[in-house]
Amino acid sequence: MTGQPGPAPALTGLMGPRFDKPISLALQGGGAHGAFTWGVLDKLLEDSRLGIEAISGASAGSVNAVLLVSGWIAGGADEARATLERFWRQISYDGDLSDAQRGIFDRLFTFWSPGGAASLWFEFLQQQVSPYQTNPLDINPLRDLLARTVDFERLRASEVKLFISATSVRTGKIKIFETHELMPEHVVASACLPTLFQAVEIDGEAYWDGGYSGNPALFPIFYAAHSDDVLLVQINPIERKEIPRDAQEIQNRLTEINFNAGLLRELRVIEFVTRLIDEGKLSRDQYKRVLMHRIGGDGALERFAASSRLKAEWDFFLQLRDIGRAAAETWLTTHYDAVGRQGTLDLRAAYG
């Protein structure tokens, strides 16, 4: 968070026809519940008052990010909305995936499910064999689907600031892939759950899901965006009221904690630096005062059983999309006027 960007040039990024405020997006991953993020993005695009200057994404968040930008490049907000919808329709049971591809997506969604006989069997299986045994040909339908849906050549040539996070298998450190280098492999690496898929090798390095090291990473936005505002779209709950009791519930909660750890560290740093700036102990000339905002599923997503994350029915995706749209509409109504002036997420109360 040290250092301010230089004098602001003419803003680039995704700017709606009624755009009057720039903002950056930080998109979490979370299995099938990524359809909630689709809904949030759909509403923001429809509203069109916010200009999206930069996007950071991990796992399903990185998928939504590249779909959004690719669609925008092809035809503005309307095409971005259509591209997101096409993708989520294709991975649903009503889509055009083959049986083999469908089976792999089912395994991906099952990772996020702590309940049910299918999950119990899968949990036992993944402890006994690795994806190098169960998927020796390294078949990943996400790679092919992204290649068909996203124009990566035009994406790389664009001026939109995209940051896709993955986790280095060897070092455990976060790796950020940026717009100019993005290929399907980078997004697949960001969504590579190690119990389901072989590590994705890029330039001699092996990568797993970005959620383990940053879900999503916020720090690239601090240095790249001139806007101080960052909108976090959060789908993994930080807190749960009930204490997990059985093995599946415990494992699910551990997954949620692991996939939130990096984000929590960054949010605590933001709160600490902001407090020091406000107390006059740090200079705004040297440190960026980040204005954090958040749209989360909160009670709306929590009412679904965790096992719902393996559901791939189109009607279920539409339900999640509509919940995301409603959450975004509420946030816009309540907090739009604050954008550019003050953060609307109380970091100390929420994550301190």
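This structure is a prediction, so every number in the text was calculated from the model and none was measured.

Caption draft 1: Quick peek at the overall build of the protein chain. Of regular secondary structure, the protein chain possesses 13 helices and eight strands. Burial status across the protein chain gives 56% buried among its 352 residues. Expressed as a percentage of contacts within the protein chain between residues at least 6 apart in sequence, the contacts between residues at least 24 apart total 78%. Carbon together with sulfur atoms contributes 51% to the accessible area of the protein chain, which is approximately 15100 Å² in total.

Caption draft 2: Layout of a nonpolar patch on the surface. A contiguous nonpolar patch, built from Val169, Trp208 and Tyr212 and spanning about 220 Å² of accessible area, is present on the exposed surface. With respect to the element layout, Tyr212 can be found in the loop between strand S6 (205–209) and helix H9 (219–224).

Caption draft 3: Representation of the environment of Arg86 in the model. Looking at the element boundaries, Arg86 is found in helix H2 (residues 60–90). Counting along the chain gives 63 residues from Arg86 to Thr149, while the straight-line C-alpha distance between them is 8.4 Å.

Caption draft 4: Spotlight on the pattern of salt bridges. One pass over the structure, following the stated rule, counts 16 salt bridges. Here Asp42 ties to Arg81 by a salt bridge, and the two come within 2.8 Å at their closest N and O atoms. With Asp42 in helix H1 (residues 34–47) and Arg81 in helix H2, this residue pair connects regions lying 39 residues apart in the sequence. Across the pair Arg348 and Glu271 runs a salt bridge whose closest N-O atoms are separated by 4.0 Å. Residue Arg348 is located in helix H13 (residues 347–351), and its partner Glu271 is located in helix H10 (residues 247–278); the two are separated by 77 residues in the primary sequence. Judged by relative accessible area, which is 53%, Arg348 ranks as exposed. Under the relative-accessibility criterion, Glu271 is labelled buried at 16%.

Caption draft 5: Here's a closer look at the pairing of strand S1 (residues 21–27). Of all seven residues in S1, six are buried; the element is thus mostly enclosed. Across seven bridges, S1 lies against strand S2 (residues 50–58) in parallel orientation. Counted as the bridge partner of Pro22 is Gly51 from S2. Relative to strand S7 (residues 229–234), S1 runs parallel, the two being bridged by four bridges.

Caption draft 6: The arrangement of the pairing of strand S8 (residues 291–296) in detail. Burial of S8 is extensive: five of the six residues sit out of reach of the surface. Here S7 pairs with S8 via six bridges, running parallel. Bridge assignment links Val233 to a residue of S8, and that residue is Ile295.

Caption draft 7: Fine view of the side chain of Gln234. For Gln234, the position within the fold is in strand S7. In terms of polar contacts, Gln234 uses its side chain to reach the side chain of Arg294, at 2.6 Å.

Caption draft 8: Layout of H2. Taking 1.5 Å of rise per residue, 31 residues should cover 45 Å, yet H2 covers just 15 Å from first to last C-alpha, more than 12% shy of that figure. When the local axis directions of H2 are compared, the greatest deviation, roughly 135°, occurs at Gly76.

The rules we used
- Residues numbered from 1 in each chain as written.
- Predicted model: local features only at pLDDT ≥ 70, side-chain atom pairs only at ≥ 80, totals over all residues.
- Heavy atoms only, no water.
- Helix = DSSP H or I, 4+ residues; strand = E, 2+ residues; numbered from the N terminus.
- Buried < 20%, exposed > 50% of the residue type's maximum accessible area, 1.4 Å probe, protein only.
- Contact = heavy atoms within 4.5 Å.
- Areas by Shrake-Rupley, 256 points an atom, 1.4 Å probe, with all protein chains shown as cover.
- Patch = residues over 30% accessible without salt bridge, like charges linked within 9 Å, V, L, I, M, F, W, Y side chains within 5 Å.
- Salt bridge = Lys/Arg side-chain N within 4 Å of Asp/Glu carboxyl O.
- Pairing = 2+ DSSP bridges.
- Polar contact = N/O pair within 3.5 Å; in protein donor to acceptor, adjacent residues only side chain to side chain.
- Expected span 1.5 Å × (residues − 1).
- Bend = angle between axes of the 7 residues up to and from the residue.

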